[in-house]
Amino acid sequence: MNKTLILMALSLLSLFSCGSSTKTFVSMPVDEFAKLIIEKDEVQLVDVRTKTEFDQSHIPGALNIDVMAEGFELKADELLNKTKKVALYCRSGGRSKKAATILHEKGYKVYELDKGFISWESSGNEIIQ
């Protein structure tokens, strides 16, 4: 095979591979996340950290649903509306990505704060302590 044919074949494979599928959720930097959550009637803000972490400080207006707790999916279904956007955050971004994947698979439209509450706080955004 010549080089051109190989490149064409690889290009076609990438179009149909799992890696090229649409992302399950949107990760956002702090500034975009802040703009998103202003739409309080349209967006459900969820802190997926532990209750202890949430009680220490959190973004105003956030619900607390611990992604690591047993029954996370059931609690999310009880408290969240699938017709509204869900904006998630955790401490540094790992747990919120896990929660985002779970909720997306359940049919929610999910946005996630890429670097978590740490980035929110260090950017000087409002928090509740």
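Computed from a prediction, not measured in an experiment: that's the story for all the values here. (Residues numbered from 1 in each chain as written. Predicted model: local features only at pLDDT ≥ 70, side-chain atom pairs only at ≥ 80, totals over all residues. Heavy atoms only, no water.)

Enquirer: Please clarify how the overall build of the chain should be interpreted in this entry.
Expert: What the chain contains, in helices and strands, is 6 helices and 5 strands. In sequence order, the secondary structure elements of the chain are arranged as α-β-α-β-α-β-α-β-α-β-α. In the chain, which comprises 129 residues, the proportion classed as buried is 37%. Pairs at least 24 apart in sequence give 62% of the contacts found in the chain among residues at least 6 apart. Accessible surface, the chain as shown: approximately 8,000 Å² in total, 57% of it carbon and sulfur. (Helix = DSSP H or I, 4+ residues; strand = E, 2+ residues; numbered from the N terminus. Buried < 20%, exposed > 50% of the residue type's maximum accessible area, 1.4 Å probe, protein only. Contact = heavy atoms within 4.5 Å. Areas by Shrake-Rupley, 256 points an atom, 1.4 Å probe, with all protein chains shown as cover.)

Enquirer: Help me out: how do you make sense of the packing of aromatic side chains in this one?
Expert: As enumerated under the stated definition, the model contains 2 aromatic pairs in all. With a centroid separation of 6.2 Å and 85° between ring planes, the pair formed by F33 and W120 is classed as edge-to-face. One end of the pair, F33, is in helix α2 (residues 30-37); the other, W120, is in helix α6 (residues 116-122), and 87 residues separate them in sequence. Per residue, the accessibility class of F33 equals that of W120, and both read buried. For the cation-ring pair, R49 lies above F117, with the distance from its terminal atom to the ring centre recorded as 4.5 Å. (Phe/Tyr/Trp six-rings, centres within 6.5 Å; stacked < 30°, edge-to-face > 60°. Lys NZ or Arg CZ within 6 Å of the ring centre and 35° of its normal.)

Enquirer: Teacher, can you tell me more about the pairing of strand β2 (residues 43-47) here?
Expert: Consecutive side chains of a regular strand alternate in pointing toward one face of the sheet and then the other. Here β2 lies mainly inside the structure; 5 of its 5 residues are buried. In β2, alternate side chains face the same way, and those of V43, L45 and D47 on one face and Q44 and V46 on the other are all buried. Pairing of β2 with strand β4 (residues 85-89) involves 5 bridges; the strand directions are parallel. Residue pairing in the sheet places V43 in a bridge with K85 of β4. (Pairing = 2+ DSSP bridges.)

Enquirer: Please explain the pattern of salt bridges as it appears in this structure.
Expert: If charged atoms from side chains of opposite charge come close, those side chains can pair. The tally for this structure, following the rule as stated, stands at 9 salt bridges. A salt bridge links R49 to D47; its shortest N-O distance comes to 2.7 Å. For R49, a relative accessible area of 4% translates into the label buried. On the basis of relative accessible area, D47 is assigned to the buried category, the value being 0%. (Salt bridge = Lys/Arg side-chain N within 4 Å of Asp/Glu carboxyl O.)

Enquirer: Hey, could you run me through the sheet that holds strand β5 (residues 109-113) in this one?
Expert: Hydrogen bonds along the backbone pair up the strands of a sheet, which may run parallel or antiparallel. Pairing is parallel in the open sheet, where 5 strands are placed in the order β1-β5-β4-β2-β3. Edge positions in the open sheet fall to β1 (26-28) and β3 (63-64), since each of these has one partner strand only. Contacts from α2 reach β1, β2, β4 and β5 within the one sheet, and its direction differs from that of β4 by about 135°. Lying on the sheet, helix α5 (residues 94-105) is in contact with β1, β4 and β5; it crosses β5 at an angle near 175°. (Axes fitted to C-alpha atoms, helices over the stretch in contact; angles between N-to-C directions.)

Enquirer: Would you mind showing me how to read the environment of D41 here?
Expert: Within the secondary structure, D41 sits in the loop between α2 and β2. In this structure D41 comes out as exposed when scored by relative accessible area, which is 61%. Put simply, D41 and K84 are 43 residues apart on the chain and 8.4 Å apart in space, counted from C-alpha to C-alpha.

Enquirer: Could you clarify how one ought to interpret the side chain of D47 in this entry?
Expert: Looking at the secondary structure, you find D47 in strand β2. With near-sequence residues (within four places) excluded, D47 lies in contact with F54, H58, A62, L63, N64, I65 and Y89.

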